[in-house]
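Close look at the chain arrangement
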Amino acid sequence: MKFVLFKKSMEEGAAPVYLFDGEEEYFKERGEEMLKAKFLQEPSLNYTVLQGETLKGAQMSALLAAVQCVPFLSEKRIVKVTDFFPTEKDYAAYLKPYLENPQRDTILLIINSASPKGKTVDLRKAPNVTWVDCSRADDDTVLRWIYTQFKRAGIAADTECCERIMRYCLSDMSRVAGETEKLKAYALQGGEITAQVVDDVVYRDTDYKMYEL
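One structure accompanies this document, and this report is about it.

About the cut-offs
- Residues numbered from 1 in each chain as written.
- Predicted model: local features only at pLDDT ≥ 70, side-chain atom pairs only at ≥ 80, totals over all residues.
- Heavy atoms only, no water.
- Salt bridge = Lys/Arg side-chain N within 4 Å of Asp/Glu carboxyl O.
- Helix = DSSP H or I, 4+ residues; strand = E, 2+ residues; numbered from the N terminus.
- Buried < 20%, exposed > 50% of the residue type's maximum accessible area, 1.4 Å probe, protein only.
- 1 Å grid on protein atoms, 1.4 Å probe; cavity = no way out; pocket = protein on both sides within 12 Å on 5 of 7 lines; lining within 4 Å.
- Points joined across faces, edges and corners; volume = space filled by probe spheres on them.
- Nonpolar A, V, L, I, M, F, W, Y, C, P; charged D, E, K, R; others polar.
- Pairing = 2+ DSSP bridges.
- Axes fitted to C-alpha atoms, helices over the stretch in contact; angles between N-to-C directions.
- Right-handed = clockwise from strand over helix to strand, strands pointing away.
- Polar contact = N/O pair within 3.5 Å; in protein donor to acceptor, adjacent residues only side chain to side chain.
- Contact = heavy atoms within 4.5 Å.
- Phe/Tyr/Trp six-rings, centres within 6.5 Å; stacked < 30°, edge-to-face > 60°.
- Lys NZ or Arg CZ within 6 Å of the ring centre and 35° of its normal.

Observations concerning the pattern of salt bridges
With the rule as written, the count across this model stands at 18 salt bridges. In this structure, E25 and K28 form a salt bridge, with 2.9 Å as the shortest nitrogen-oxygen distance. Of this pair, E25 and K28 are both found in helix α2 (residues 25–39), three residues apart, which corresponds to roughly one turn of the helix. Since its relative accessible area comes to 30%, E25 is described here as partly exposed.

Printed below as a string of C-alpha cells:
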C-alpha cells in the first residue's frame, strides 16, 4: 500500500508484520512513530531493535526469540529490524514458519533503506507481510500535506507558497517537513505565509540552486 493509506489501515488494528521500503526516509520514520503511538506502551520493556546484516544463519534465532516474546503492560510488542534481506535458505529455515503463523501480540517492523546484496527473498510477497511503499510522493500529495499542516496550525498559505516550499526542497519529504515546521514557528498561530517569507526562510537545496543558474 502507499504510505497515504497506512494511517487508515491501522484503524482495523495492527498487522503482524510491516515492511517499509523506498527512498523517502520521512515516511519510514513517521510510520514507526505512528505504530508506537497507537500500540506501544512501556517501550523499555516492549521495543527491540535488531540490525538485519547481523541476522545470518543461526543468528536468526535472535530474531525469532524477540518476536515470540509476549508484551508486558502494553497492547503490542514491537521488534524493529533494519536493512533485512534474508537469503532463500535462511528464509526457508527460520523466517517462513514464523510468517505463516506470527505472534499476534507482536509487530515485526522491517525498515529497509539499503539495497540487497546478492540473491535474497522478496519479503513484499511473503505471507502476512504488509508492504508499505515509501517511495517519493507525487507533487499533489506533497502540496496537500504542506497545505494541511499550515491549515491545522491556523496559518494562511496559498498554493504558490506551498509550491515554492515543495520546489525548494525538491519534494523530499524530510526536507519539506523540516522547512514547514520552521515556517510554522516563524508565522505562529493566526499568521500568514507569503511567497517572500518562503524565499527568506526556506533553504534551497543545491540542485534547485543549480537549476536557477
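Still more ground to cover, so stick around.
Re the layout of surface pockets
Size it by volume and the largest pocket reaches roughly 550 Å³. The wall of the largest pocket is formed by 16 residues, among which F3, R30, W145, Q149 and R152 lie closest to the centre. In terms of residue count, helix α6 (residues 139–152) provides more of the lining of the largest pocket than any other element does, six residues in total. Looking at side-chain class alone, the lining of the largest pocket contains eight nonpolar, three polar and five charged residues. Of the pockets and cavities examined, the second largest pocket occupies roughly 280 Å³. Along its surface, the second largest pocket is lined by 19 residues, and D21, F85, N112, A114 and P116 are the ones closest to its centre.

A look at the sheet that holds strand β1 (residues 17–21)
Within a sheet, neighbouring strands are paired by backbone hydrogen bonds and run either parallel or antiparallel to one another. With parallel pairing, the five strands of this open sheet are ordered in space as β2-β3-β4-β1-β5. Each having just a single partner strand, β2 (47–51) and β5 (129–133) make up the two edges of the open sheet. If you compare each strand with its neighbour and ignore which way they point, the axes differ by 20° on average. Note that β1 and strand β4 (residues 106–112) share five bridges and pair parallel. Pairing of V17 across the sheet is with L108, part of β4.

Quick word on unusual backbone geometry
A positive phi angle, close to 55°, is found at L170, a residue other than glycine. Given a relative accessible area of 32%, L170 falls into the partly exposed group.

What about the environment of L40?
Relative to the helices and strands, L40 resides in the loop between α2 and α3 (43–46). When the C-alpha positions of L40 and L143 are compared, they lie 31 Å apart, and in sequence the two are 103 residues distant.

Section: the pairing of β2
Burial along β2 is one-sided: the face carrying T48 and L50 is buried and the face carrying Y47, V49 and Q51 is not. Chirality of the crossover, the property in question, places the unit of β2, helix α4 (residues 60–67) and strand β3 (residues 77–82) among those that are right-handed.

Notes on the side chain of D205
Within the fold, D205 resides in the loop between α9 (195–201) and α10 (206–212). On the accessibility criterion, D205 (13% relative accessible area) is buried. A polar contact is formed between the side chain of D205 and the side chain of R175, at a distance of 2.8 Å. Here D205 is in contact with Y168, C169, L170 and R175, once residues within four sequence places are set aside.

A short note on the packing of aromatic side chains
The final tally for this structure, using the stated rule, is seven aromatic pairs. Here F3 and F27 contribute two aromatic rings whose centre-to-centre distance is 4.7 Å and whose plane-to-plane angle is 15°, an arrangement assigned as stacked. Of this pair, F3 sits in the segment before α1 (6–9) while F27 sits in helix α2, placing them 24 residues apart in sequence. According to the relative accessible area criterion, F3 is buried, its value standing at 12%. Residue F27 is classed as buried on the basis of its relative accessible area, which comes to 7%. Summarising the aromatic geometry, the rings of Y26 and W145 are spaced 5.9 Å apart at their centres and angled 80° between planes, so their arrangement reads as edge-to-face. A residue pair is termed long-range when its members are at least 10 positions apart, and Y26 in helix α2 and W145 in helix α6 qualify at 119 residues. An aromatic cluster is built from F3, F6, Y18, F20, Y26, F27 and W145, whose rings are joined through pairwise contacts. Note that K36 overlies the ring of Y47, its terminal NZ or CZ placed 4.0 Å from the centroid. For R124, the ring lying beneath its charged end belongs to W131, and the centroid distance is 5.1 Å.

Functional significance is not addressed by these values, which are geometric in nature.
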